[in-house]
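Single-letter residue listing:
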Protein chains: 2
Amino acid sequence: MYQLIDGKAISDQIKTEIAEEVKQLVANGGKQPHLAVIIVGHDGGSETYVAHKVKSCEQVGFKSTRVAFEEDVTEEMLLAKIQEMNQDADIDGFIVQLPLPGHIDEQKIIEAIDYRKDVDGFHPVNVGRMSIGLPCFVSATPSGILELIRRYGIPTRGKNCVVIGRSNIVGKPVASLMMQKGYPGDATVTVCHSRTANLKEICRSADIIIAALGSPGFLKEDMVKDGAVVIDVGTTRVEDAAAKSGFRLKGDVDFANVAPKCSFITPVPGGVGPMTIVSLLRNTLLAAKHNL
Amino acid sequence: MYQLIDGKAISDQIKTEIAEEVKQLVANGGKQPHLAVIIVGHDGGSETYVAHKVKSCEQVGFKSTRVAFEEDVTEEMLLAKIQEMNQDADIDGFIVQLPLPGHIDEQKIIEAIDYRKDVDGFHPVNVGRMSIGLPCFVSATPSGILELIRRYGIPTRGKNCVVIGRSNIVGKPVASLMMQKGYPGDATVTVCHSRTANLKEICRSADIIIAALGSPGFLKEDMVKDGAVVIDVGTTRVEDAAAKSGFRLKGDVDFANVAPKCSFITPVPGGVGPMTIVSLLRNTLLAAKHNL
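Residues numbered from 1 in each chain as written. Chains lettered and ligands numbered in written order. Predicted model: local features only at pLDDT ≥ 70, side-chain atom pairs only at ≥ 80, totals over all residues.

Student: How do you make sense of the relation of the copies chain A and chain B when you look at a structure like this?
Tutor: Relating one copy of the chain to the other requires a rotation about an axis plus a shift along that axis. Overlay of chain A on chain B (RMSD 0.0 Å): rotation 180 degrees, translation along the axis 0.0 Å. Such a combination of turn and shift is consistent with a two-fold rotation axis. Both copies present the same face, since 100% of the interface residues in chain A are matched by interface residues at the equivalent positions in chain B. (Least-squares fit on C-alpha atoms with pLDDT ≥ 70 in both. Contact = placed C-beta atoms within 7 Å.)

Encoded structure:
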């Protein structure tokens, strides 16, 4: 029988831990951690994510600031706001919610953020430091995945870990972390992607599969060996008339058929998803403590 | 019959190309590219490498500067020299020859170099930009390996590429490059290391093996499938009474027995080694052109 990796429960537990730490920090005369979020336009997904982030800040006792720009904001205005936040000593960390409108250069925006406040971990300095194995802000999804592995005590040393997807925000960084020395890490890591020739065979050799390609139900039972650990990073919105919102989130794994073969598996929703926000909170707490 | 990848010939060819480009650059009123090298102490290997770098600069028409410190130089003095070079408009790129004495924090030294002059590609900004797939200075050995693959037209798309070794200067960056979109890249990349459980089996599934673990003769014929491409990054000094220097370089591959199974293979010496210096020259040329 497989064990379900309960990201919701773990994230609640971590929020409680963070809230406790914030309480002590403030009791000791420290500053209340402060996360700022910049949002551009009115994309439904982005607005939902940002609302969750702001709400999570409240839950753990962080101060939060939400700065909203209309869709037609200029790159210059956005850069000016970023400079302001870089210099604002009260703000410990901030993020610019992605994606941005087409007329704005996302990479330029990311690189404008002071890497010491880049709690999303997207700045090249943080990406590079993570690759080298130095202290840094690790981006939310990879960090959340490793935390789930750690909390469930899943063995990684010498295990074959197959990552499906080579995105800059999930596939590449999680591969980088899984191959680092120490735990969770020390895995033999294979990164597969759209050009991979023998994906099924490679997946069948995996002790741990991290599916992050954004293709609903992609990973089928014949691609998974008995006893494998399966981490599903997919969160594609699919129409669902029965849902209040009109859609539901679907993962990259054909859960019903894959789960019976697994030792551990994450559900969607309620697996990796809830972990991403706590990773952001942990980075912000880290940023706040560096400032003390 | 296998084809030998002749790094010496390719590096000579690239030097000729660079020399031609420098000639045109200067003829058009541009500045002569200028590489500076800082060396600390009197390690035999380091002195040889630096001498090669300086000589290669001469060969392609670069200006070069060699700054030597004694073993007991303080970190502060070294940092002061780096600041000076960061600000010296005549110096396009510079490197600090590694390793450094134990009392100096190597990472601190690397991060003190302006990443726009970091032609060794070790600064976290360059490591991060490479991982993300942005223009950057790629470090010499990974860059040299990819150039050999490119010049020999070795197919990489959808191929299984196994990297043995997870060092920051070879294993991790070459894995990162081989999985990027485009050519050479688009390979399915597996990174193996000291914790890997089933190395032989994994190597036998590889179309391309990049051996970078620093263990002479490690890769044996029973670990390589017929027709594989083998890139040997090892350069361990082993004693050899017959050699004038008293030693010779030995690769990570048991060449005599592995080569007959290969489609392409690099020798040691004369394979990857000669490519590292031309990668450094190419980065310096790139730095010089950015300044124009």
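Okay, back to it.
Student: Can you help me understand helix 1 (residues 7-27) of chain B in this one?
Tutor: One turn of the α-helix equals 3.6 residues, which is why residues spaced by three or four share an orientation. All names here are of chain B. In a regular helix each residue adds 1.5 Å, so 21 residues correspond to 30 Å; helix 1 covers 30 Å between its end C-alpha atoms and thus fits that length. The set of residues buried in helix 1 consists of Gly7, Ile10, Ser11, Ile14 and Ile18. Projected down its long axis, helix 1 carries its buried residues within an arc of 95 degrees, all on one side. Opposite the buried face of helix 1, at more than 90 degrees from it, the exposed residues are Thr16, Glu20, Lys23, Gln24 and Ala27. Positive phi appears at Gly29, one or two residues downstream of helix 1, with a value of about 90 degrees. (Helix = DSSP H or I, 4+ residues; strand = E, 2+ residues; numbered from the N terminus. Expected span 1.5 Å × (residues − 1). Buried ≥ 20, exposed ≤ 12 C-beta atoms within 10 Å, placed from the backbone. Arc of directions from axis to C-beta.)

Student: Explain the nonpolar core here, please?
Tutor: For soluble globular proteins, the rule of thumb is that nonpolar side chains tend to be buried together. Grouped together as the largest cluster of nonpolar side chains are 173 residues, with contacts concentrated most on Val163, Ile209 and Ile210 of chain A together with Val163, Ile209 and Ile210 of chain B. With sequence-adjacent residues up to four places away left out, Val163 of chain B is seen in contact with Gly171, Val174, Ala175, Val189, Val191, Cys192, Ile210 and Ala212 of chain B. (Core = buried A, V, L, I, M, F, W, Y, C linked by C-beta atoms within 7 Å.)

Student: Hey, could you run me through the domain arrangement of chain A in this one?
Tutor: Accessible area lost during the coming together of the parts is what is often quoted as the interface size. Once the domains are mapped, chain A shows domain 1 (29-114) and domain 2 (140-273). In this structure, domain 1 of chain A and domain 2 of chain A have C-alpha centres spaced 28 Å apart. (Domains from an automatic or database assignment.)

Student: Hey, could you run me through the sheet that holds strand 4 (residues 93-96) of chain A in this one?
Tutor: Consider a sheet: its strands pair through backbone hydrogen bonds, and that pairing is either parallel or antiparallel. Residues and elements named next belong to chain A. Strand order across the open sheet formed by three strands is 3-2-4, with parallel pairing between neighbours. In this open sheet, the two edge strands, each paired with only one partner strand, are strand 3 (63-69) and strand 4. Along the sheet, successive strands turn relative to each other by an average axial angle of 15 degrees, direction set aside. Bridge analysis of strand 2 (residues 34-40) against strand 3 gives seven bridges, and the strand direction is parallel. Looking across to strand 3, one finds that Ile38 is bridged to Val67. This element, helix 2 (residues 44-60), spans strand 2 and strand 3 of the sheet and lies at about 165 degrees to strand 2. Contacting strand 2, strand 3 and strand 4, helix 3 (residues 75-87) runs over the sheet at an angle of about 165 degrees to strand 3. (Pairing = 2+ DSSP bridges. Axes fitted to C-alpha atoms, helices over the stretch in contact; angles between N-to-C directions.)

Student: Help me understand the interface of chain A and chain B in this model?
Tutor: Between chain A and chain B, the residue contacts involve 26 residues of the former and 26 residues of the latter. Those elements that place two or more of their residues in the side of chain A that touches chain B are helix 5 (124-132), helix 7 (171-179) and strand 6 (188-192) of chain A. Residue contributions to the side of chain A that touches chain B peak at eight residues, all from helix 5 of chain A. For the side of chain A that touches chain B, the per-class residue count stands at 11 nonpolar, nine polar and six charged. Pairing between strand 6 of chain A and strand 6 (residues 188-192) of chain B: three bridges, direction antiparallel. Pairing of Thr190 of chain A across the sheet is with Thr190 of chain B, part of strand 6 of chain B. (Nonpolar A, V, L, I, M, F, W, Y, C, P; charged D, E, K, R; others polar.)

Student: Sorry if this is basic, but what is going on with the packing of helix 1 (residues 7-27) of chain A against helix 2 of chain A here?
Tutor: Relative placement of two packed helices is described by the angle separating their axes and the distance separating the axes. Residues and elements named next belong to chain A. Two numbers describe how helix 1 lies on helix 2: the axes approach to 8 Å, and their chain directions differ by 55 degrees. Taken together, the axis directions place helix 1 and helix 2 in an arrangement best described as oblique. For the pair helix 1 and helix 2, contact is made by Lys15, Ile18, Ala19 and Val22 and by Ser56, Gln59 and Val60, respectively. Grouping the amino acids of the contact of helix 1 with helix 2 by side-chain chemistry returns four nonpolar, two polar and one charged. (Parallel < 35°, antiparallel > 145°, perpendicular 65-115°, else oblique.)

Student: Would you mind going over the environment of Asp6 of chain B with me for this structure?
Tutor: Residues and elements named next belong to chain B. If you trace the backbone, Asp6 turns up in the loop between strand 1 (3-4) and helix 1. A residue is classified by how many C-beta atoms lie within 10 Å of it, and Asp6, with 18 of them, is partly exposed. For the pair Asp6 and Val54, spaced 48 residues apart in sequence, the C-alpha to C-alpha distance is 23 Å.

Student: So what exactly am I meant to see when it comes to the pairing of strand 7 (residues 208-211) of chain A here?
Tutor: Side-chain direction in a regular strand flips from residue to residue, so the side chains alternate between the two faces of the sheet. Residues and elements named next belong to chain A. The alternating pattern of strand 7 places Ile208 and Ile210 and Ile209 and Ala211 on opposite faces, both of which are buried. With four bridges connecting them, strand 5 (residues 160-164) and strand 7 associate as parallel partners. In the strand pairing of strand 7, Ile164 is matched with Ala211. Across four bridges, the pairing between strand 7 and strand 8 (residues 228-232) is parallel. Bridging from a neighbouring strand, Ile208 pairs with Val229 of strand 8.

Student: Looking at this model, I keep getting lost on the sheet that holds strand 7 (residues 208-211) of chain B. Mind explaining?
Tutor: Ordered by their spatial adjacency, 12 strands build an open sheet running 1(A)-11(A)-8(A)-7(A)-5(A)-6(A)-6(B)-5(B)-7(B)-8(B)-11(B)-1(B), and the pairing between neighbours is mixed. Of all the strands in the sheet, the pair left with one neighbour each is strand 1 (3-4) of chain A together with strand 1 of chain B. Packing of helix 7 (residues 171-179) of chain B onto the sheet brings it into contact with strand 6 of chain A together with strand 5 (160-164), strand 6 and strand 7 of chain B, and relative to strand 6 of chain B it is tilted by some 165 degrees.

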